[in-house]
Amino acid sequence: MIVVGVDGMRPGVLAAEWAAGEAVLRGLPLNVVNVVPAWCLLSDLTGTIAEVGAWMRNGGEAALAEAAAAARRAAEKAAVETSLLSGDPRHELIEISREADLLVVGDSGMGSLRGLLIGSVALGVAGHAHCDVVVVRPPATAPQAEVVVGVDGSAAQGDVLDFAFREAAARDAALRAVLAWNWRDVLGAGTLGDEPEDGRRALAEAMAGRRELFPDVRVSMEVVEGHPVDVLRQAAAQAELLVVGSRGHAALAGMVLGSVSQALLHVAPCPVAVVRTRR
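The following refers to the structure shown. Everything numeric here is computed off the predicted structure, so don't read it as measured data. (Residues numbered from 1 in each chain as written. Predicted model: local features only at pLDDT ≥ 70, side-chain atom pairs only at ≥ 80, totals over all residues. Heavy atoms only, no water.)

1. Remarks on helix α9 (residues 259-267)
In plain terms, the rule: Classification of residues uses two cut-offs on accessible area relative to the type maximum, computed with a 1.4 Å probe and protein chains only: under 20% is buried, over 50% is exposed, and between them is partly exposed. By the criteria applied, helices consist of DSSP H or I runs no shorter than four residues and strands consist of E runs no shorter than two, each listed in order from the N terminus. The directions considered for the arc are those from the helix axis to the C-beta atoms.
Every buried residue belonging to α9 is among Val260, Ser261, Leu264 and Leu265, and all of these are buried. Angular distribution of buried residues about the axis of α9 spans 140°; they occupy a single face of the element.

Right, here's the structure in full:
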(Lines give C-alpha, C1' and ligand atoms only; values in the text may rest on other atoms or scores of the structure.)
Protein backbone atom coordinates (compact mmCIF):
# COMPACT_ATOMS: atom_id res chain seq x y z
CA MET A 1 0.00 0.00 0.00
CA ILE A 2 1.10 3.56 -0.77
CA VAL A 3 -0.14 6.28 1.59
CA VAL A 4 -0.30 9.95 0.64
CA GLY A 5 -1.07 12.69 3.14
CA VAL A 6 -3.19 15.61 1.89
CA ASP A 7 -4.68 18.73 3.44
CA GLY A 8 -6.56 20.59 0.74
CA MET A 9 -3.54 22.62 -0.35
CA ARG A 10 -1.97 22.42 -3.80
CA PRO A 11 1.21 20.58 -2.68
CA GLY A 12 -0.95 17.76 -1.31
CA VAL A 13 -2.84 17.44 -4.59
CA LEU A 14 0.45 17.24 -6.49
CA ALA A 15 1.61 14.58 -4.03
CA ALA A 16 -1.58 12.58 -4.64
CA GLU A 17 -1.05 12.74 -8.41
CA TRP A 18 2.54 11.57 -8.05
CA ALA A 19 1.57 8.83 -5.61
CA ALA A 20 -1.11 7.53 -8.00
CA GLY A 21 1.45 7.06 -10.75
CA GLU A 22 3.78 5.32 -8.33
CA ALA A 23 0.97 3.04 -7.16
CA VAL A 24 0.35 1.90 -10.72
CA LEU A 25 4.06 1.31 -11.32
CA ARG A 26 4.25 -0.85 -8.20
CA GLY A 27 0.85 -2.52 -8.59
CA LEU A 28 -0.23 -1.33 -5.15
CA PRO A 29 -3.40 0.36 -3.84
CA LEU A 30 -3.28 4.03 -2.89
CA ASN A 31 -4.71 5.33 0.39
CA VAL A 32 -5.30 9.11 0.42
CA VAL A 33 -5.24 10.32 4.04
CA ASN A 34 -6.34 13.53 5.73
CA VAL A 35 -5.92 14.18 9.45
CA VAL A 36 -8.18 16.44 11.53
CA PRO A 37 -7.85 17.27 15.24
CA ALA A 38 -9.10 14.44 17.45
CA TRP A 39 -11.80 16.52 19.13
CA CYS A 40 -13.51 17.06 15.75
CA LEU A 41 -14.72 13.46 15.74
CA LEU A 42 -16.18 13.49 19.25
CA SER A 43 -19.87 12.63 19.35
CA ASP A 44 -20.85 14.89 22.27
CA LEU A 45 -19.92 18.29 20.83
CA THR A 46 -22.52 21.03 21.16
CA GLY A 47 -23.06 24.62 20.12
CA THR A 48 -20.34 26.57 18.38
CA ILE A 49 -17.73 23.87 19.02
CA ALA A 50 -19.92 21.34 17.24
CA GLU A 51 -20.26 23.69 14.28
CA VAL A 52 -16.51 24.22 14.09
CA GLY A 53 -15.94 20.48 14.37
CA ALA A 54 -18.38 19.81 11.53
CA TRP A 55 -16.71 22.51 9.43
CA MET A 56 -13.28 20.89 9.94
CA ARG A 57 -14.61 17.40 9.18
CA ASN A 58 -16.25 18.71 6.03
CA GLY A 59 -12.99 20.38 5.08
CA GLY A 60 -11.14 17.13 5.57
CA GLU A 61 -13.63 15.21 3.46
CA ALA A 62 -13.43 17.86 0.74
CA ALA A 63 -9.63 17.66 0.75
CA LEU A 64 -9.85 13.89 0.38
CA ALA A 65 -12.36 14.11 -2.47
CA GLU A 66 -10.26 16.66 -4.35
CA ALA A 67 -7.02 14.71 -3.96
CA ALA A 68 -8.62 11.35 -4.80
CA ALA A 69 -10.17 12.81 -7.96
CA ALA A 70 -6.81 14.25 -8.99
CA ALA A 71 -5.13 10.91 -8.32
CA ARG A 72 -7.64 9.05 -10.48
CA ARG A 73 -7.23 11.56 -13.31
CA ALA A 74 -3.44 11.26 -13.13
CA ALA A 75 -3.50 7.44 -13.17
CA GLU A 76 -6.77 5.87 -14.29
CA LYS A 77 -5.64 2.38 -13.27
CA ALA A 78 -4.87 3.38 -9.70
CA ALA A 79 -6.96 1.73 -6.98
CA VAL A 80 -7.70 4.74 -4.77
CA GLU A 81 -9.32 4.80 -1.34
CA THR A 82 -9.56 7.56 1.26
CA SER A 83 -9.21 7.74 5.03
CA LEU A 84 -10.14 10.54 7.44
CA LEU A 85 -8.00 10.19 10.57
CA SER A 86 -7.88 12.21 13.77
CA GLY A 87 -4.97 13.42 15.82
CA ASP A 88 -1.67 15.13 15.08
CA PRO A 89 -0.82 14.86 11.34
CA ARG A 90 2.80 13.87 11.93
CA HIS A 91 1.97 11.22 14.49
CA GLU A 92 -0.87 9.71 12.47
CA LEU A 93 1.12 9.56 9.25
CA ILE A 94 4.06 7.99 11.05
CA GLU A 95 1.73 5.42 12.61
CA ILE A 96 0.06 4.51 9.31
CA SER A 97 3.49 4.21 7.71
CA ARG A 98 3.92 0.99 9.72
CA GLU A 99 1.52 -0.63 7.24
CA ALA A 100 2.76 1.16 4.11
CA ASP A 101 5.33 0.36 1.46
CA LEU A 102 5.78 4.06 0.78
CA LEU A 103 4.59 7.31 2.36
CA VAL A 104 4.16 10.35 0.11
CA VAL A 105 3.67 13.97 1.21
CA GLY A 106 3.80 17.38 -0.41
CA ASP A 107 6.60 19.79 0.36
CA SER A 108 4.43 22.17 2.41
CA GLY A 109 1.12 22.31 4.21
CA MET A 110 -0.30 20.07 6.96
CA GLY A 111 1.24 22.05 9.76
CA SER A 112 3.74 24.20 7.90
CA LEU A 113 4.32 27.75 9.12
CA ARG A 114 4.27 30.69 6.75
CA GLY A 115 7.83 31.40 5.62
CA LEU A 116 9.15 27.86 6.03
CA LEU A 117 10.61 26.32 2.89
CA ILE A 118 9.16 22.93 3.69
CA GLY A 119 6.23 21.94 5.85
CA SER A 120 6.93 20.70 9.36
CA VAL A 121 4.88 17.57 8.67
CA ALA A 122 6.92 16.67 5.59
CA LEU A 123 10.15 17.17 7.49
CA GLY A 124 8.90 15.25 10.51
CA VAL A 125 7.65 12.17 8.68
CA ALA A 126 10.77 11.99 6.48
CA GLY A 127 12.85 11.47 9.60
CA HIS A 128 10.54 9.19 11.60
CA ALA A 129 8.43 7.12 9.20
CA HIS A 130 8.63 3.34 9.34
CA CYS A 131 8.88 3.09 5.55
CA ASP A 132 10.52 5.02 2.73
CA VAL A 133 9.18 8.54 2.16
CA VAL A 134 8.84 10.66 -0.96
CA VAL A 135 8.46 14.40 -0.55
CA VAL A 136 6.97 15.71 -3.78
CA ARG A 137 8.51 18.96 -4.92
CA PRO A 138 7.33 20.41 -8.25
CA PRO A 139 10.04 19.96 -10.92
CA ALA A 140 11.81 23.15 -11.88
CA THR A 141 11.81 22.11 -15.56
CA ALA A 142 10.26 19.37 -17.66
CA PRO A 143 11.91 16.24 -16.25
CA GLN A 144 13.84 13.72 -18.28
CA ALA A 145 13.54 9.96 -17.82
CA GLU A 146 16.28 9.86 -15.21
CA VAL A 147 16.62 8.90 -11.56
CA VAL A 148 19.53 10.42 -9.63
CA VAL A 149 20.88 8.67 -6.55
CA GLY A 150 23.33 10.06 -4.04
CA VAL A 151 26.10 7.67 -3.01
CA ASP A 152 27.99 8.55 0.15
CA GLY A 153 30.18 5.57 0.95
CA SER A 154 28.25 4.75 4.12
CA ALA A 155 27.38 1.24 5.24
CA ALA A 156 23.68 1.96 4.69
CA GLN A 157 23.91 2.98 1.04
CA GLY A 158 22.93 -0.48 -0.23
CA ASP A 159 19.28 0.17 0.68
CA VAL A 160 19.41 3.48 -1.16
CA LEU A 161 20.88 1.97 -4.31
CA ASP A 162 18.39 -0.91 -4.31
CA PHE A 163 15.52 1.58 -4.13
CA ALA A 164 17.00 3.71 -6.91
CA PHE A 165 17.56 0.76 -9.23
CA ARG A 166 13.98 -0.45 -8.70
CA GLU A 167 12.59 3.01 -9.41
CA ALA A 168 14.67 3.40 -12.57
CA ALA A 169 13.63 -0.05 -13.81
CA ALA A 170 9.93 0.58 -13.13
CA ARG A 171 10.05 3.94 -14.94
CA ASP A 172 12.24 2.74 -17.82
CA ALA A 173 14.52 5.58 -16.80
CA ALA A 174 18.28 5.99 -16.73
CA LEU A 175 20.02 5.83 -13.37
CA ARG A 176 22.67 8.39 -12.54
CA ALA A 177 24.76 7.59 -9.48
CA VAL A 178 26.57 10.61 -8.06
CA LEU A 179 29.18 10.77 -5.34
CA ALA A 180 30.51 14.02 -3.93
CA TRP A 181 34.15 13.70 -2.85
CA ASN A 182 36.59 15.72 -0.77
CA TRP A 183 33.90 17.43 1.22
CA ARG A 184 33.99 17.88 4.97
CA ASP A 185 31.21 16.78 7.25
CA VAL A 186 29.89 18.89 10.11
CA LEU A 187 32.61 17.63 12.43
CA GLY A 188 35.35 18.74 10.01
CA ALA A 189 36.56 15.20 9.33
CA GLY A 190 37.22 13.95 5.80
CA THR A 191 35.05 10.97 4.88
CA LEU A 192 35.84 9.80 1.36
CA GLY A 193 39.52 10.59 0.97
CA ASP A 194 41.34 13.47 -0.62
CA GLU A 195 41.74 12.21 -4.19
CA PRO A 196 39.17 11.71 -6.96
CA GLU A 197 40.33 8.12 -7.28
CA ASP A 198 39.12 7.44 -3.73
CA GLY A 199 35.66 8.59 -4.75
CA ARG A 200 35.66 6.58 -7.99
CA ARG A 201 36.72 3.46 -6.09
CA ALA A 202 33.98 3.93 -3.48
CA LEU A 203 31.36 4.47 -6.20
CA ALA A 204 32.45 1.41 -8.19
CA GLU A 205 32.35 -0.74 -5.06
CA ALA A 206 28.87 0.53 -4.20
CA MET A 207 27.52 -0.26 -7.67
CA ALA A 208 29.18 -3.67 -7.98
CA GLY A 209 26.68 -6.48 -8.49
CA ARG A 210 23.59 -4.32 -8.88
CA ARG A 211 24.06 -3.58 -12.55
CA GLU A 212 23.87 -7.31 -13.24
CA LEU A 213 20.58 -7.55 -11.35
CA PHE A 214 19.08 -4.74 -13.45
CA PRO A 215 20.64 -5.24 -16.90
CA ASP A 216 18.04 -3.08 -18.68
CA VAL A 217 18.74 0.01 -16.56
CA ARG A 218 21.05 2.49 -18.27
CA VAL A 219 23.60 3.45 -15.63
CA SER A 220 26.05 6.33 -15.45
CA MET A 221 28.39 7.14 -12.57
CA GLU A 222 29.90 10.48 -11.63
CA VAL A 223 32.35 11.63 -8.99
CA VAL A 224 32.03 15.37 -8.46
CA GLU A 225 34.04 17.61 -6.16
CA GLY A 226 31.88 19.65 -3.84
CA HIS A 227 29.43 19.55 -0.98
CA PRO A 228 26.83 16.79 -1.51
CA VAL A 229 23.85 19.16 -1.19
CA ASP A 230 25.12 21.38 -4.00
CA VAL A 231 26.32 18.45 -6.11
CA LEU A 232 23.06 16.50 -5.88
CA ARG A 233 20.85 19.56 -6.34
CA GLN A 234 22.63 20.35 -9.59
CA ALA A 235 22.69 16.71 -10.73
CA ALA A 236 18.91 16.40 -10.24
CA ALA A 237 18.06 19.57 -12.17
CA GLN A 238 16.13 17.60 -14.83
CA ALA A 239 15.55 14.33 -13.01
CA GLU A 240 12.22 12.62 -12.32
CA LEU A 241 13.37 11.64 -8.85
CA LEU A 242 16.28 12.19 -6.48
CA VAL A 243 17.04 9.31 -4.09
CA VAL A 244 18.97 9.77 -0.85
CA GLY A 245 19.36 7.92 2.42
CA SER A 246 17.75 8.95 5.67
CA ARG A 247 21.21 9.12 7.18
CA GLY A 248 24.75 9.25 5.91
CA HIS A 249 28.15 10.74 6.57
CA ALA A 250 26.70 14.18 7.21
CA ALA A 251 24.46 13.01 10.05
CA LEU A 252 25.46 13.71 13.61
CA ALA A 253 25.05 10.90 16.12
CA GLY A 254 21.51 11.08 17.44
CA MET A 255 20.05 12.89 14.43
CA VAL A 256 17.08 11.08 12.95
CA LEU A 257 17.40 12.65 9.51
CA GLY A 258 20.83 13.35 8.08
CA SER A 259 21.69 16.98 7.41
CA VAL A 260 22.27 16.35 3.69
CA SER A 261 18.86 14.68 3.27
CA GLN A 262 17.20 17.40 5.31
CA ALA A 263 18.79 20.17 3.26
CA LEU A 264 17.78 18.54 -0.03
CA LEU A 265 14.15 18.46 1.08
CA HIS A 266 14.35 22.27 1.04
CA VAL A 267 16.22 22.84 -2.22
CA ALA A 268 15.88 19.83 -4.53
CA PRO A 269 14.45 20.65 -7.98
CA CYS A 270 12.33 17.47 -8.14
CA PRO A 271 10.61 14.92 -5.85
CA VAL A 272 12.96 13.49 -3.21
CA ALA A 273 12.85 9.89 -1.99
CA VAL A 274 14.26 9.47 1.51
CA VAL A 275 15.09 5.79 1.91
CA ARG A 276 14.91 4.43 5.42
CA THR A 277 18.32 3.05 6.33
CA ARG A 278 19.87 1.33 9.32
CA ARG A 279 23.46 1.46 10.53
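2. As for the nonpolar core
Note the threshold: The criterion is simple. A nonpolar core is a set of buried Ala, Val, Leu, Ile, Met, Phe, Trp, Tyr and Cys residues joined through side-chain atoms within 4.5 Å. Any two residues whose heavy atoms approach within 4.5 Å are treated as being in contact.
Within the largest apolar cluster, 46 residues are counted, with the highest numbers of intra-cluster contacts made by Val4, Leu30, Val104 and Val243. Residues contacting Val4, with those up to four places away along its chain left out, are Ala15, Ala16, Ala19, Leu30, Asn31, Val32, Val33 and Val104. By size, the runner-up hydrophobic cluster in this structure holds 36 residues, among which are Ile96, Leu103, Val121 and Ala239.

3. Describing the packing of helix α1 (residues 10-26) against helix α5 (residues 157-171)
Counted only if it meets this: To obtain an axis, a line is fitted to C-alpha atoms, over the contacting stretch when the element is a helix, and the angle between two such axes runs from 0 to 180 degrees between their N-to-C directions. What sets the label is the angle itself: under 35 degrees gives roughly parallel, over 145 gives roughly antiparallel, 65 to 115 gives roughly perpendicular, and the rest give oblique. Gly counts as polar in this scheme, as do all residues outside two lists: the nonpolar Ala, Val, Leu, Ile, Met, Phe, Trp, Tyr, Cys and Pro, and the charged Asp, Glu, Lys and Arg.
Interhelical geometry of α1 versus α5 gives an angle of 85° and a closest axis separation of 10 Å. By the criterion of interaxial angle, the relationship of α1 to α5 is roughly perpendicular. Across from Trp18, Glu22, Leu25 and Arg26 in α1, the residues of α5 making contact are Phe163, Glu167, Ala170 and Arg171. When its residues are assigned to classes, the contact of α1 with α5 shows 4 nonpolar, no polar and 4 charged.

4. Focus: the pattern of salt bridges
A side chain with one charge may pair with a side chain of the opposite charge, provided their charged atoms come close. Under the convention used in this document: Here a salt bridge means any side-chain nitrogen of Lys or Arg lying within 4 Å of a carboxyl oxygen belonging to Asp or Glu.
Using the criterion set out here, one finds 13 salt bridges in the structure. Here Asp162 and Arg210 are joined by a salt bridge, their closest N and O atoms 2.7 Å apart. Here Asp162, found in helix α5, pairs with Arg210, found in helix α7 (residues 210-213); they are 48 residues apart in sequence, far enough to count as distant. Taking the shortest distance from any N to any O, the salt bridge between Arg218 and Asp172 comes out at 3.9 Å. Of this pair, Arg218 sits in the loop between α7 and β8 (219-225) while Asp172 sits in the loop between α5 and β7 (174-181), and the two are 46 residues apart along the sequence. One connected set of salt bridges, linked through shared partners, spans Glu22, Arg26, Glu167, Arg171 and Glu240.

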